[in-house]
Amino acid sequence: MFLFQIDDELALKHLELHDANRLFQLTDQSRHHLRQWLPWVDGTNSTADSKAFIQSSLKAFSNRRALTTGILYKSELAGVVAFNHLDWANNAGQIGYWLGTPYQGNGIMIRAVSGLIDYGVYSLALNRIEIRAAVANTKSRAIPERLRFVQEGQLRQAEQLHASYTDHALYGMLASEWKQLRPNHASNYHPAFHKT
Ligand SMILES: CC(C)(COP(=O)(O)OP(=O)(O)OC[C@H]1O[C@@H](n2cnc3c(N)ncnc32)[C@H](O)[C@@H]1OP(=O)(O)O)[C@@H](O)C(=O)NCCC(=O)NCCS
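Everything quoted here is computed from the prediction, not taken from an experiment.

J.: Hey, could you go over unusual backbone geometry for me, with residue numbers and the actual values?
T.: Located in the positive-phi region is glutamine 157, a residue other than glycine, with phi close to 45°. Mapped onto the elements, glutamine 157 comes out in strand S7 (residues 150–161). On the basis of relative accessibility, which here comes to 53%, the residue glutamine 157 falls in the exposed class. With phi around 50°, histidine 162 is a residue other than glycine that occupies positive phi space. Inspection of the secondary structure assignment puts histidine 162 in the loop between S7 and strand S8 (164–174).

In structure tokens form, the structure reads like this:
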């Protein structure tokens, strides 16, 4: 099972079926701010929906197509950060994330995304990490911008959000760039999820 300690108060762990209730509570109490940017929120109405999400995440992990982790902040589930898509032909990963409302504004996500990139670059040997965010989603765009991703372009009408199409800002980080920015953050090799 995946557990990656980032610092004294923050860790990433695999979401497991017994996390479904807490994950649903966090989603439910945060739905007002989440639904603006995350289309799946309106379809998440019970613990069973969160459980189905965790089940499909675990299946994608076992097929090495994705890695979805819960963010533990002071041992509480605070949000989710994931490689939503892993492309092994090109050693590339695409990151997505959200935080529960009470946990925003503490620098949790910037550290969680940094930790996941450390893991992706140093343990999975990914060469390219991508983050996409709706152009108007300034809080989300602040994450790759603070981490010094390169904005590589804008994808027109990339996502349907509440019946209208939204443009995405596309950000990329190469392993060579990340290693220069954070040379001393090699994480421990994790044999359960290595590239074959
Ligand atoms: C995107 C999202 C995760 C960003 O959350 P966040 O709390 O702003 O991000 P961080 O955890 O990195 O915290 C950064 C904020 O904490 C502040 N902060 C406080 N202490 C800090 C510290 N020690 N280190 C860094 N930042 C700190 C920063 O100043 C910043 O606040 P500001 O934006 O008002 O300047 C959140 O808004 C969210 O879940 N949005 C809805 C879902 C979503 O849009 N997902 C992305 C889809 S692409």
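Text resumes after the structure shown.
J.: Describe the site of the ligand, with residues and values.
T.: Around the ligand there are 21 residues in total, and Tyr97, Gln104, Gly105, Met109 and Asn137 lie nearest to it. At 2.7 Å from an oxygen atom of the ligand is found a main-chain nitrogen or oxygen belonging to glycine 105. Contact with the protein chains removes 71% of the 960 Å² of surface that the ligand exposes when unbound. Among the elements of the structure, helix H2 (31–34), strand S5 (92–99), helix H4 (108–123), strand S6 (128–134) and helix H5 (138–146) are those that each provide at least two residues to the shell around the ligand. Top contributing element to the shell around the ligand by residue count: H5, with four residues. Here the residues of the shell around the ligand are counted per class, giving eleven nonpolar, seven polar and three charged.

J.: Outline the pattern of salt bridges, listing residues and values.
T.: Applying the stated criterion across every chain, the model contains eleven salt bridges. Aspartate 42 is paired through a salt bridge with arginine 35; the nearest N and O atoms lie 2.9 Å apart. For arginine 35, a relative accessible area of 33% corresponds to the partly exposed category. Look at the salt bridges and you will find they share partners, linking Arg128, Glu130, Arg132 and Glu152 into a network.

J.: Go over the pairing of S5, please, and point to the residues and values.
T.: Within S5, seven of the eight residues are buried, which leaves it mostly tucked inside the rest of the structure. In the sheet, strand S4 (residues 76–87) pairs with S5 via eight bridges, with the strands oriented antiparallel. The partner of glycine 79 across the bridge, within S5, is leucine 99. A loop of four residues connects S4 with S5, the two strands running antiparallel in sequence, and asparagine 91 in this loop sits at a positive phi of about 50°. Both S5 and S6 contribute to a ladder of four bridges, which runs parallel. When the sheet's bridge partners are listed, glycine 93 is paired in S6 with isoleucine 129. In the classification by handedness, the crossover that spans S5, the intervening H4 and the parallel S6 is right-handed.

J.: Lay out the packing of aromatic side chains with the relevant residues and their values.
T.: The geometry of two aromatic rings is summed up by the distance between their centres and the angle between their planes. Counted by the stated rule, this structure contains three aromatic pairs. For the ring pair phenylalanine 4 and tyrosine 119, a centre distance of 5.6 Å and an interplane angle of 55° mean the geometry is tilted. Placement of phenylalanine 4 in strand S1 (residues 3–5) and of tyrosine 119 in helix H4 is noted, with a sequence separation of 115 residues between them. For phenylalanine 4, a relative accessible area of 13% gives the class buried. Judged by centre distance (5.8 Å) and plane angle (55°), the rings of tryptophan 40 and tryptophan 98 are tilted. One end of the pair, tryptophan 40, is in the loop between H2 and helix H3 (47–62); the other, tryptophan 98, is in strand S5, with 58 residues separating them in the sequence. Classification of tryptophan 40 as partly exposed rests on a relative accessible area of 38%. Here tryptophan 98 falls in the buried class, since its relative accessible area comes to 9%.

Reading guide: rules and limits
Residues numbered from 1 in each chain as written. Predicted model: local features only at pLDDT ≥ 70, side-chain atom pairs only at ≥ 80, totals over all residues. Heavy atoms only, no water. Helix = DSSP H or I, 4+ residues; strand = E, 2+ residues; numbered from the N terminus. Buried < 20%, exposed > 50% of the residue type's maximum accessible area, 1.4 Å probe, protein only. Near = heavy atom within 4 Å. Polar contact = N/O pair within 3.5 Å; in protein donor to acceptor, adjacent residues only side chain to side chain. Areas by Shrake-Rupley, 256 points an atom, 1.4 Å probe, with all protein chains shown as cover. Nonpolar A, V, L, I, M, F, W, Y, C, P; charged D, E, K, R; others polar. Salt bridge = Lys/Arg side-chain N within 4 Å of Asp/Glu carboxyl O. Pairing = 2+ DSSP bridges. Right-handed = clockwise from strand over helix to strand, strands pointing away. Phe/Tyr/Trp six-rings, centres within 6.5 Å; stacked < 30°, edge-to-face > 60°.

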